[in-house]
Amino acid sequence: MPASLPPKDDITERLALPPAMLNRLAGSDLVGRGAVNVISIKAVRRWAGDWWDQKRTDVWTYVERKLNEHLDRADLRGRVSEDDFLIATHNDQGLSAQAASVRILEDVLSHLLGAAELRDIGVRSVIGIEAGGVVCRPIDPAVVLAARARRDSERSPFRTEIDVSDEMRRTPVAFTTSGGAALRVDFALEHVIGLRRNVTTAIRVEPIVTHLGTGRSISGRAITKLADKDIAFIDEATLRYGAAFAKAAQGNEKPDLILPASFRTLGTQRGRDLLTGTSGLSLALLRGGVMIELVDVTRGTPAGRLLEVVGLLKALTRGVIARVPPDKEAFKHLRDARLAGLTLDACDLGGPAEKIAMDIMAFGREARGLAPMVSLQGLPAEGYFAAAETAGLSHASLRATHPYAARNAA
């Protein structure tokens with residue numbers, strides 16, 4: 001694959017639209033959500049050359065077939081010029097909507113030209129509406145292609161925008177618990193894949209806690225059994241590490257950044273002050289692309305207090321996710337929380353394969369309707385993605401690779 005195209009963020013274009021289509025866009029929030037894109041078949045037109053007038057009807061028919069194949073019935077789509085087609089998706093936005101547009105154009109180019117070269121993937125994001133048409137900005141298709149990766153790598157969506165040395169200064173951290181145990185915390189990134197479009201819609205920070213005396217990793221649920229002071233230390237280190245990526249998570253076209261933290265920490269005023277007071281996590285950045293994952297919500301979490309804390313955190317961030325155990329009772333007090341997401345961590349699944357499958361299905365059943373994002377995270381293998389889809393979940397992610405393991409593999 002050729003190198004990434006140069007950034008085009010400072011380039012805008014105007015495109016005229018039919019009045020009926022323009023009115024439909026103006027009467028919706030689709031543009032504001034980053035759900036409207038324009039694909040160009042200029043490369044096909046150049047290939048056709050003098051034969052374009054004879055071939056264009058067949059080309060348009062093929063493009064329309066692909067639009068119908070990839071889009072929902074309610075999605076807006078249509079040809080708006082000789083070689084431009086507008087796509088507005090109701091259930092996809094930002095990077096996910098761009099991924100749908102890139103996929104459609106890849107199919108068209110591969111069929112008609114034999115290959116989908118990066119330079120030929122012309123997709124523009126519609127960023128505004130004006131009299132007679134829309135304002136568009138070209139996107140870099142290499143960013144969308146990188147977002148298809150299942151694991152963190154140099155081609156991950158955030159990696160092109162951060163200072164690696166700044167990241168490495170924030171990990172690992174070591175401390176001694178109140179009980180005298182020496183622990184080390186490494187941080188890694190976990191790609192949260194939207195199953196609808198198979199593209200990264202969020203990147204989650206994963207704290208990997210190791211007991212220095214034994215070299216053994218400590219599970220997420222085991223960490224929640226530490227003293228409040230020790231958990232707060234891990235949460236603070238997580239926020240500091242995540243701050244390195246906050247700027248890369250801004251805007252509809254970028255994956256959100258998910259920062260896990262304890263309800264016991266963020267349920268206090270000091271914890272929320274820590275969230276807004278961490279260098280690199282300004283209120284504007286938090287609201288622009290940072291989500292908080294409450295990692296220790298259980299059946300014992302006070303319902304009223306949970307609703308209060310979630311409401312406070314929603315005012316500070318892009319949204320709140322609750323990690324829940326595979327326990328039906330844990331869902332009962334979440335119905336009024338208006339969460340952005342619910343997630344089940346694979347470390348909470350155990351037993352024979354039949355039981356794991358039943359727990360995943362039960363999670364999908366209980367979580368249905370409680371949040372737009374329902375995710376199965378920390379999976380040991382990609383094969384579990386099929387189970388997540390069968391259970392009706394919207395997202396899934398593979399367990400983040402320990403930094404040491406990644407370095408040794410390299």
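Residues numbered from 1 in each chain as written. Predicted model: local features only at pLDDT ≥ 70, side-chain atom pairs only at ≥ 80, totals over all residues. Heavy atoms only, no water.

## Points about the overall build of the protein
Threshold: Numbering of helices and strands runs from the N terminus; a helix is a DSSP stretch of H or I covering at least four residues, while a strand is a stretch of E covering at least two. Atoms counted for the radius of gyration: C-alpha only. Globule rule: 2.2 Å times the number of residues to the power 0.38. Exposure is judged per residue with a 1.4 Å probe applied to protein chains only, and the accessible area is read against the type maximum: over 50% gives exposed, under 20% gives buried, and values in between give partly exposed. Contact criterion: two residues are considered in contact whenever any of their non-hydrogen atoms come within 4.5 Å of each other.
Each helix and strand counted, the protein has 15 helices and 16 strands in total. For 410 residues, the compact-globule estimate of 2.2 N^0.38 gives 22 Å, and the protein sits close to it at 23 Å. Expressed along its principal axes, the backbone C-alpha trace of the protein runs to roughly 80 × 45 × 45 Å. Counting across all 410 residues of the protein, residues that qualify as buried make up 53%. Sequence-distant contacts, at least 24 apart, represent 69% of the contacts inside the protein between residues at least 6 apart.

## A word on unusual backbone geometry
Cis rather than trans, the peptide bond between Thr171 and Pro172 has omega equal to 0°. Structurally, the position occupied by Pro172 is in the loop between helix H6 (164–168) and strand S7 (173–176). If you check the backbone angles, Asn198 has positive phi at about 55° while not being a glycine. Structurally, Asn198 can be placed in the loop between strand S8 (182–194) and strand S9 (199–211).

## Examining the pairing of strand S14 (residues 341–345)
Remember that side chains alternate between the two faces of the sheet whenever the strand is regular. Short version of the rule: Two strands qualify as a pair provided DSSP detects at least 2 bridges between them. By convention a crossover is right-handed if, when the strands point away from the viewer, the path from the first strand over the helix to the second runs clockwise.
Counted residue by residue, S14 has five buried out of five residues, so it is predominantly covered. Burial along S14 is two-sided: Gly341, Thr343 and Asp345 facing one way and Leu342 and Leu344 facing the other are all buried. With five bridges connecting them, S14 and strand S15 (residues 373–379) associate as parallel partners. Within S15, the position partnered with Leu344 by the bridge is Leu376. In this fold, the crossover linking S14 to S15 by way of helix H13 (residues 353–367) has right-handed handedness.

## Considering the side chain of Asp348
By the element assignment, Asp348 lies in the loop between S14 and H13. Note on Asp348: relative accessible area 17%, which makes it buried. Here Asp348 is in contact with Arg221, Val324, Pro325 and Pro326, once residues within four sequence places are set aside.

## Structural notes on the packing of aromatic side chains
The criterion, for reference: Paired rings are identified among Phe, Tyr and Trp, the last through its six-membered ring, by centres lying within 6.5 Å, and are further divided according to the angle between planes into stacked (under 30 degrees), edge-to-face (over 60) and tilted (the rest).
In total, this model carries five aromatic pairs according to the counting rule given. Geometrically, the ring pair formed by Phe331 and Phe363 is tilted, given 6.1 Å between the ring centres and 50° between the ring planes. On the criterion of sequence distance, the pair formed by Phe331 in the loop between strand S13 (319–323) and S14 and Phe363 in helix H13 is long-range, its members being 32 residues apart. For the pair Phe331 and Phe363, a shared accessibility class is recorded, and that class is buried.

## Observations concerning the domain arrangement of the protein
Here is the rule: In this document the domain limits rely on a domain assignment from an automatic tool or a database. Summed over both partners, the accessible surface that disappears when two parts come together, traced with a 1.4 Å probe, is what is meant by buried area. Each salt bridge in this description consists of a side-chain nitrogen of Lys or Arg and a carboxyl oxygen of Asp or Glu lying within 4 Å of one another. The definition of a polar contact used here is a pair of N or O atoms within 3.5 Å, where within protein one atom must be able to donate a hydrogen and the other to accept one, and adjacent residues in sequence count solely through side-chain atom pairs. For this classification, Asp, Glu, Lys and Arg are treated as charged, while Ala, Val, Leu, Ile, Met, Phe, Trp, Tyr, Cys and Pro are nonpolar and the rest, including Gly, are polar.
In terms of domain boundaries, the protein breaks down into domain 1 (13–145) and domain 2 (153–408). If you look at the interface, domain 1 gives 19 residues, while domain 2 gives nine residues. Taken over both partners, the interface formed by domain 1 and domain 2 buries close to 1100 Å², and the fraction arising from carbon and sulfur atoms is 46%. Among the salt bridges present, the one from Arg197 reaches Asp92, with a minimum N-O distance of 3.0 Å. Seen at the junction of domain 1 and domain 2, the total is four residue pairs in polar contact (both at pLDDT 80 or more). Among the elements that make up the side of domain 1 that touches domain 2, the one with the highest residue count is helix H4 (residues 94–113) (six residues). The residue inventory of the side of domain 1 that touches domain 2, partitioned by class, reads seven nonpolar, seven polar and five charged.

## What about the pattern of salt bridges?
Considering all chains together, one arrives at 35 salt bridges under this definition. A salt bridge links Glu382 to Arg150, with the shortest nitrogen-to-oxygen separation between them at 3.4 Å. Of this pair, Glu382 sits in the loop between S15 and helix H14 (384–390) while Arg150 is found in the loop between helix H5 (141–146) and H6, placing the two residues 232 residues apart along the sequence. Judged by its relative accessible area of 42%, Glu382 is partly exposed. Between Arg399 and Asp345 there is a salt bridge whose closest N-O contact spans 2.6 Å. On the criterion of sequence distance, the pair formed by Arg399 in the loop between strand S16 (395–398) and helix H15 (403–409) and Asp345 in strand S14 is long-range, its members being 54 residues apart. Look at Arg399 and you get partly exposed, because its relative accessible area is 23%. Relative accessible area serves as the criterion here: at 2%, Asp345 is assigned to the buried category.

## A closer look at the sheet that holds strand S2 (residues 36–40)
Going by this rule: Helix axes are fitted only over the stretch in contact, all axes being lines through C-alpha atoms; the angle between N-to-C directions runs from 0 to 180 degrees.
The strand order across the open sheet formed by six strands is S1-S6-S5-S2-S4-S3, and the pairing between neighbours is antiparallel. The sheet terminates laterally at strand S1 (13–16) and strand S3 (76–79), the two strands that pair on one side only. On average, each strand axis in the sheet is tilted by 30° relative to the strand beside it, whichever way the strands run. Relative to strand S5 (residues 122–130), S2 runs antiparallel, the two being bridged by four bridges. Note on S5: the bridge partner recorded for Ile39 is Val123. Along the sheet face, helix H1 (residues 19–26) touches S2, S3, strand S4 (84–88), S5 and strand S6 (133–138) and points at about 155° away from the line of S3. The strands that H4 touches are S2, S4 and S5; relative to S2, the one it contacts most, it runs at about 20°.

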